[in-house]
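A look at the structure
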Amino acid sequence: MRLGNLERSIMEALWNHPEGMLAQDLADVLPSTPAVTTVLTVLVRLSRKGLVTRERTGRAHLYRANDGKDVFVAEAMREVLDGAGDVEAAVSRFVGSVSPQVAAALRDALNSRDLG
């Protein structure tokens, strides 16, 4: 799932604050300094995408990311690979371009999967 710039900034803030944030607090920490109403509009959009939940706290709402950033990134990678015309070529090119640390993480994950 692709995110716009403001959506990504909001999600980054929420991932960094798993306890949740109020819309005003989000507006205050975002580098683009959007209006609170703009942040609320984007939060509604993120909620419809299933990325954010809200909980009433007094007269305001506390917003939280539904999942961690790692879950979002893994889902995004899966979606991209699902859309690849030649999955084997895409994976081969990807693996050839990653750092040794990422290659080791991929190898460990695949080895763990084979055992399970």
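Structure: see above.
Residues numbered from 1 in each chain as written. Predicted model: local features only at pLDDT ≥ 70, side-chain atom pairs only at ≥ 80, totals over all residues. Heavy atoms only, no water.

**A short note on the packing of helix H1 (residues 5-16) against helix H3 (residues 36-48)**
Orientation of H1 relative to H3, taken along the N-to-C sense of each, is 80 degrees, at an axis distance of 10 Å. Between H1 and H3, the angle is such that the two are roughly perpendicular. Residues Leu-6, Glu-7, Ile-10, Met-11 and Leu-14 of H1 pack against Thr-38, Val-39, Val-42, Leu-43, Arg-45 and Leu-46 of H3. Split into classes, the residues belonging to the contact of H1 with H3 amount to eight nonpolar, one polar and two charged. (Axes fitted to C-alpha atoms, helices over the stretch in contact; angles between N-to-C directions. Helix = DSSP H or I, 4+ residues; strand = E, 2+ residues; numbered from the N terminus. Parallel < 35°, antiparallel > 145°, perpendicular 65-115°, else oblique. Contact = heavy atoms within 4.5 Å. Nonpolar A, V, L, I, M, F, W, Y, C, P; charged D, E, K, R; others polar.)

**Let's talk about the pairing of strand S3 (residues 60-65)**
Of the pairings in the sheet, the one linking strand S1 (residues 21-22) to S3 comprises two bridges and is antiparallel in character. When the bridges of S3 are listed, Leu-22 appears paired with Leu-62. Of the strand pairs in this sheet, strand S2 (residues 52-57) and S3 are connected by six bridges, and their pairing is antiparallel. Note that in S3 the partner of Val-52 across the bridge is Ala-65. Counted along the chain from S2 to the antiparallel partner S3, the turn is two residues long, and its residue Gly-58 has a positive phi close to 70 degrees. (Pairing = 2+ DSSP bridges.)

**Considering the environment of Arg-2**
Mapped onto the secondary structure, Arg-2 falls in the segment before H1. Setting aside its immediate chain neighbours within four residues, Arg-2 contacts Glu-7 and Lys-49.

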